[in-house]
Amino acid sequence: MAASVREKQTVALKRMLNFNAPPLKNTAAEPVWKVLIYDRFGQDIISPLLSVKELRDMGITLHLLLHSDRDPIPDVPAIYFVMPTEENIDRICQDLRNQLYESYYLNFISAISRSKLEDIASAALAANAVTQVTKVFDQYLNFITLEDDMFILCHQNKELISYHAINRADIQDTDMEAIMDTIVDSLFCFFVTLGAVPIIRCPRGNAAEMVAVKLDKKLRENLRDARNSLFTGDSMTAGQFSFQRPLFVLVDRNVDMATPLHHTWTYQALIHDVLDFHLNRVVMEEGMGAEPSPAGARPKKKSRKTYDLTAADKFWQKHKGSPFPEVAESVQEELDTYRAQEDEVKRLKSIMGLEGEDEGAISMLSDNTAKLTSAVSSLPELLEKKRLIDLHTNVATAVLDHIKSRKLDVYFEFEEKLMSKSTLDKSLLDIISDPDAGTPEDKMRLFLIYYITAQQAPSESDLEQYKKALLDAGCDLSPLNYIKQWKAFTKMAATPANYGNSGVKPMGLFSRVMNTGSQFVMEGVKNLVLKQHNLPVTRILDNLMEMKSHPETDDYRYFDPKMLRGSESSIPRNKNPFQEAIVFVVGGGNYIEYQNLVDYTKSKQGKKVVYGCSELFNASQFIKQLSQLGQK
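If you're wondering where the values come from, they're calculated on a predicted model, not measured in any experiment.

As a further point, take the pairing of strand 3 (residues 73-82). Most of strand 3 is tucked away, with seven of its ten residues classed as buried. Sheet topology note: the strand 1 (residues 34-38)/strand 3 ladder contains four bridges and is parallel. Paired with Leu36 across the two strands is Ile79, which belongs to strand 3. Sheet topology places strand 3 next to strand 4 (residues 101-108); seven bridges connect them, and they run parallel. Residue pairing for strand 4: Ile73 is matched across the bridge by Tyr101. After leaving strand 3, the chain enters helix 4 (residues 86-97) and then returns to the sheet as strand 4, a path that is right-handed.

As a further point, take the sheet that holds strand 13 (residues 557-559). Within the open sheet, the seven strands sit side by side as 6-7-15-14-9-8-13. Their pairing is mixed. The outermost strands of the open sheet, each flanked by one partner alone, are strand 6 (144-147) and strand 13. Each neighbouring strand pair of the sheet contributes to a mean axis angle of 20°, computed without reference to strand direction. In this fold helix 20 (residues 591-602) packs onto strand 6, strand 7 (150-152), strand 14 (580-586) and strand 15 (608-613), with an angle of close to 170° to the strand it touches most, strand 15.

By size, the foremost hydrophobic cluster in this structure holds 78 residues, and its most contacted members are Phe81 and Ile271. Residue contacts for Ile271: discarding those within four places in its chain leaves Phe277, Val282, Leu309, Trp316, Val395 and Val399. With 40 residues, the next largest nonpolar core counts Phe188, Ala208, Leu219 and Leu223 among its residues.

What follows deals with the pairing of strand 15. Two faces belong to every sheet, and in a regular strand the side chains alternate between them. Across the six residues of strand 15, five count as buried, placing the element largely inside the fold. In this sheet, strand 15 lies alongside strand 7 in parallel orientation, the contact comprising three bridges. From the neighbouring strand, Phe151 faces strand 15, where its bridge partner is Gly612. As paired elements, strand 14 and strand 15 share six bridges and run parallel to each other. Counterpart to Ala581 in the pairing with strand 15 is Val609. Handedness of the crossover is the feature at issue here: the chain leaves strand 14, passes through helix 20, returns alongside strand 15, and the resulting connection is right-handed.

Two elements in contact, helix 14 (residues 408-419) and helix 16 (residues 440-453), have axes separated by 9 Å at closest approach and are oriented at 10°. By the angle between their axes, helix 14 is roughly parallel relative to helix 16. Here helix 14 contributes Leu408, Tyr411, Phe414, Glu415, Leu418 and Met419 to the contact with helix 16, which in turn contributes Asp442, Lys443, Leu446, Ile449, Tyr450 and Thr453.

Our focus in this paragraph is the pattern of salt bridges. Within the structure shown, the criterion is met by 29 salt bridges. When the shortest N-O distance is used, the salt bridge between Arg253 and Glu593 registers 2.6 Å. You can see Arg253 sitting in the loop between strand 9 (247-252) and helix 9 (267-274) and its partner Glu593 sitting in helix 20, a full 340 residues away along the chain. Per residue, the accessibility class of Arg253 equals that of Glu593, and both read buried.

Here is what the cut-offs are and how they apply
- Position numbers for residues start from 1 in each chain and track the written sequence from start to end.
- Confidence filtering applies because this is a predicted model: local features only for residues at pLDDT of at least 70, side-chain atom pairs given and counted only at 80 or more, and all residues used for totals across whole chains, interfaces and linings.
- In computing side-chain properties, one takes all heavy atoms of the structure into account and sets aside hydrogens as well as water.
- For every residue, the accessible area (1.4 Å probe, protein chains only) is compared with the maximum for its type, and the residue is labelled buried under 20%, exposed over 50%, or partly exposed between those bounds.
- For helices the rule is a DSSP run of H or I covering at least 4 residues; for strands it is a run of E covering at least 2, with both sets numbered from the N terminus onward.
- The criterion for strand pairing is that DSSP finds at least two bridges linking the strands in question.
- Assignment of crossover handedness uses the view with strands pointing away from the viewer, where a clockwise path from the first strand over the helix to the second indicates a right-handed crossover.
- Note on method: axes are straight lines fitted to C-alpha atoms, helices fitted across the in-contact stretch only, with angles between N-to-C directions ranging 0 to 180 degrees.
- The contact definition used throughout considers only heavy atoms, calling two residues in contact when any of these lie within 4.5 Å.
- The set of buried Ala, Val, Leu, Ile, Met, Phe, Trp, Tyr and Cys residues whose side-chain atoms join them within 4.5 Å is what this entry labels a nonpolar core.
- By the definition adopted for this analysis, an angle is roughly parallel if under 35 degrees, roughly antiparallel if over 145, roughly perpendicular if from 65 to 115, and oblique otherwise.
- Within this document, salt bridges are pairs made up of a side-chain nitrogen of Lys or Arg and a carboxyl oxygen of Asp or Glu, the two lying within 4 Å of each other.

These figures capture arrangement, not role.
Laid out in structure tokens, this is it:
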């Protein structure tokens, strides 16, 4: 099985921290002590992959931000891991002039231009530090891996490539070019790290197509440049990948606008939706439900707690895709088994405390010594287990509070029904005007999903009635303005599709086809059972990966950067289904789609699917972007 992107990126980072030499196998040797200097981009790439302890094991004693005040440490080597931006380069030149470190290993997250390299060279000359600049490397690591099968492009300046940035009405061509270049640069890094040249498929006439054209060109140019190609020679050791090349499917966020607004029911997606969850880290404010402080006293300062949800956390790996009630049950079970183990240790301790007078105690002692030894040796494991149980108890409780206070289960069920076009048991107006159900934002999300999925838009009078109810509930209507324009535009762009006798459904480029029955068995908040159904993104992938013919994806363009002449065709050359695929959503993605793809892959033997997106937003961040678009 080919190594996952996460492993490959981790290996690349470790190699870099070892002065770009493969890490030595014998661990007896002391590592060389060194300093790591990164910028925010570098920090975001490293933090989901390597813990501080792992960095220390690699010999990193200090890790500092490039633009912080750093003291000179004249006798250690420094490894820089930064983006090749103007201000970073200036700062590096300044470091050279101030002779901060013994030697400099400069690693750029994405390729540095010739002119900037020359700037560094002249600064090094001026500072008489040429011999100290030991190595300069382009690392091609300009993307962030969050899971074995999930990556995002960036976290720092994500507003530069957000849905809002791409879909602004007043966008200039030059801005659009710049956005596309940023996205393509990161994707290029992704494929260099993966060590594979993909076959690219994309829809026509949107941002995804622009990315595809540019990426194809960039890969093609690199493959032609025999001297410096990143895809040949030692970096691409044979057999790293299966013989088949991966399929790379680009889709545009506009293909499915309802999912990012959808309330969700699986653990990871819920955490992302209701808590502050970035780069695999949850930030929670403790003491939320604390008793009010006596009048006149200072309110207690809320302490912020951060929890890392990592690949090493077995519980997380097993349950991040499970429906929430199941997770709550499992946390409880884990807690019970842990308590049982703890009690066992306590019991043994009390027996050991017996004075050895009577024979019985002595004989018990001998076999209990063995027991106690094993209990004591399992203590570190127990403590780690306890830490994880506490973590998930806290996180799950926080999520549950949101579900209860906002009636999220009601929203989830209702939206699923809307999206699967099944009969509704109560009216939309009831939920919108129910003061106990959710926040104004929840109501807005629900209404937008209704509006997006409705086959014919509500009549003007109905719309006014809904608008009034939404305003009364305290909603901001600007997202609706944008979605209205979006829907009108979609109608224009949509070609009348001929789906046999399907009647009046306008199913064009953007409209959604949902064909699932009712998805829920509802009994209280308690048990909502998820039925596996494919979201649009998963469905598009399935068509392209399995080479199925389907009106939705038949006119997708086909690029093969390895072909000598870029042939303009949508006719795929190879007819075999793909084993490995990467789906990338231009304009932002979410954990709901990710989870849907993971579930899809589980049902397919031997297939691997990776999900990527230009940024990861939850519904409230997406709504913000929509309302900015709607205010213009």
